Amino acid sequence: MMSRAKHYLRAAGAIFRRDLRIFFRYPVDAIFWVFEPIMWLTPLHFMSRSFAVGGQNLGLAGYTGTSDYMAFLVLGGVIGSYVSSVMWSMGFSLKNEMDLGVLEVNWLTPVPVVIQLVGRSLFNLTHTTIKIACTMSLVWRIFGFSITGSIWPAFLTVLPMIIGLYGLGLGIAALVLISKNANNIIDMTHFMVNTLSGREFPITVLPKFLLGFSLAIPLTYGYDAIRGLLLGTRTLLPVATEQLLLVVVMAISVFSGYLVFRRIERRCRATGNLAHH
């Protein structure tokens, strides 16, 4: 058992080193990835200032309990970056291997496909964390925002949420195997999940028929709990309840996502569908 675990760790490490080597082959892209979020945040910053009264965003404060829109938005962007990282690294990597014609060869190696997918996501998570740290530092210096809560409780909230995202990532990877169309699937899923979860606005502003969908998405409570811990915003449920919910959903999501992916994988192997790009 231990030797198998070491074997899997070595395989994941090899995938990490490969992706790291590819990343440093394109240094201009690395610089662009740090500054790209600032280009998206700049117009939102000035738009929020245009609606401010005496320097305070009273509308946001009425819904959430905080008037610091930049802090609200930056935290949403941080969580959304991790969501994007897991979705794209696990789903789109399969499409890349299909296009390169190496998917079948990679799947013949003595490493489970799920381990390969997790290995591909590790570099993206590391890259995302470094990018977030650099971007937040720049945004804080340029626009200014304040985090008043404790970091560690928020980190303990983010951790099960990220692990739970692997279940969603495996489900998306299964859809990619069936449809062979990664871009549309990931774009639609990423946009709908992040938007309805309240990445950029409090979900309480949504009409009732959409609010029901938002409350059914577990990620909503991740955004809500982290903002409550770090900004002191009013939360939909008590923070402890939202944290417990995230842990329960984490276990269910990973288990169900794994079962779905394994079933689709076996079906594709049996039908020879992997060769059809």
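Residues numbered from 1 in each chain as written. Predicted model: local features only at pLDDT ≥ 70, side-chain atom pairs only at ≥ 80, totals over all residues. Heavy atoms only, no water.

Asks: So what about the overall build of the chain? Which residues, and what values?
Replies: Counting its secondary structure elements, the chain contains eleven helices and zero strands. Ordered by position from the N terminus, the helices and strands of the chain form the series α-α-α-α-α-α-α-α-α-α-α. The C-alpha radius of gyration computed for the chain amounts to 20 Å, which stays within 12% of the reference 19 Å derived for 277 residues, consistent with globular compactness. For the chain, the spread of C-alpha atoms along the three principal axes comes to 65 × 40 × 35 Å. Across the 277 residues that make up the chain, the buried fraction comes to 43%. Restricting to contacts in the chain with at least 6 residues of sequence separation, those with at least 24 account for 77%. As presented, the chain carries roughly 14900 Å² of accessible surface, and 70% of it is formed by carbon and sulfur atoms. Where the 22 positive side-chain charges of the chain centre and where its 12 negative ones centre are 7 Å apart. (Helix = DSSP H or I, 4+ residues; strand = E, 2+ residues; numbered from the N terminus. Rg over C-alpha atoms; globule rule 2.2 N^0.38 Å. Buried < 20%, exposed > 50% of the residue type's maximum accessible area, 1.4 Å probe, protein only. Contact = heavy atoms within 4.5 Å. Areas by Shrake-Rupley, 256 points an atom, 1.4 Å probe, with all protein chains shown as cover. Lys, Arg positive; Asp, Glu negative; His and termini not counted. Charge placed at Lys NZ, Arg CZ, Asp CG, Glu CD.)

Asks: So what's going on with the nonpolar core? Which residues, and what values?
Replies: Counting 54 residues, the largest nonpolar core has Leu94, Leu117, Val139, Leu177, Leu219 and Phe261 as its most contacted members. Of all elements in the fold, only helix 2 (27-50), helix 4 (69-100), helix 5 (103-107), helix 6 (113-142), helix 7 (151-179), helix 8 (182-196), helix 10 (218-231) and helix 11 (239-271) reach the threshold of two or more residues within this core. Per-element tally for this core: the top contributor is helix 4, with 16 residues. (Core = buried A, V, L, I, M, F, W, Y, C linked by side-chain atoms within 4.5 Å.)

Asks: An account of a nonpolar patch on the surface is requested, with residue identities and associated values reported.
Replies: Among the surface-exposed residues, Trp152, Phe155, Leu156, Leu159 and Ile163 lie close enough to one another that they form a single nonpolar patch of about 550 Å² accessible area. Within the element layout of this structure, Leu156 appears in helix 7. (Patch = residues over 30% accessible without salt bridge, like charges linked within 9 Å, V, L, I, M, F, W, Y side chains within 5 Å. Salt bridge = Lys/Arg side-chain N within 4 Å of Asp/Glu carboxyl O.)

Asks: Run through helix 4, naming residues and quoting values.
Replies: End to end, helix 4 covers 43 Å across 32 residues, agreeing with the expected 46 Å (1.5 Å per residue, within 8%). Where helix 4 bends most, at Phe92, the angle is about 30°. With 25 of its 32 residues buried, helix 4 lies for the most part within the structure. (Expected span 1.5 Å × (residues − 1). Bend = angle between axes of the 7 residues up to and from the residue.)

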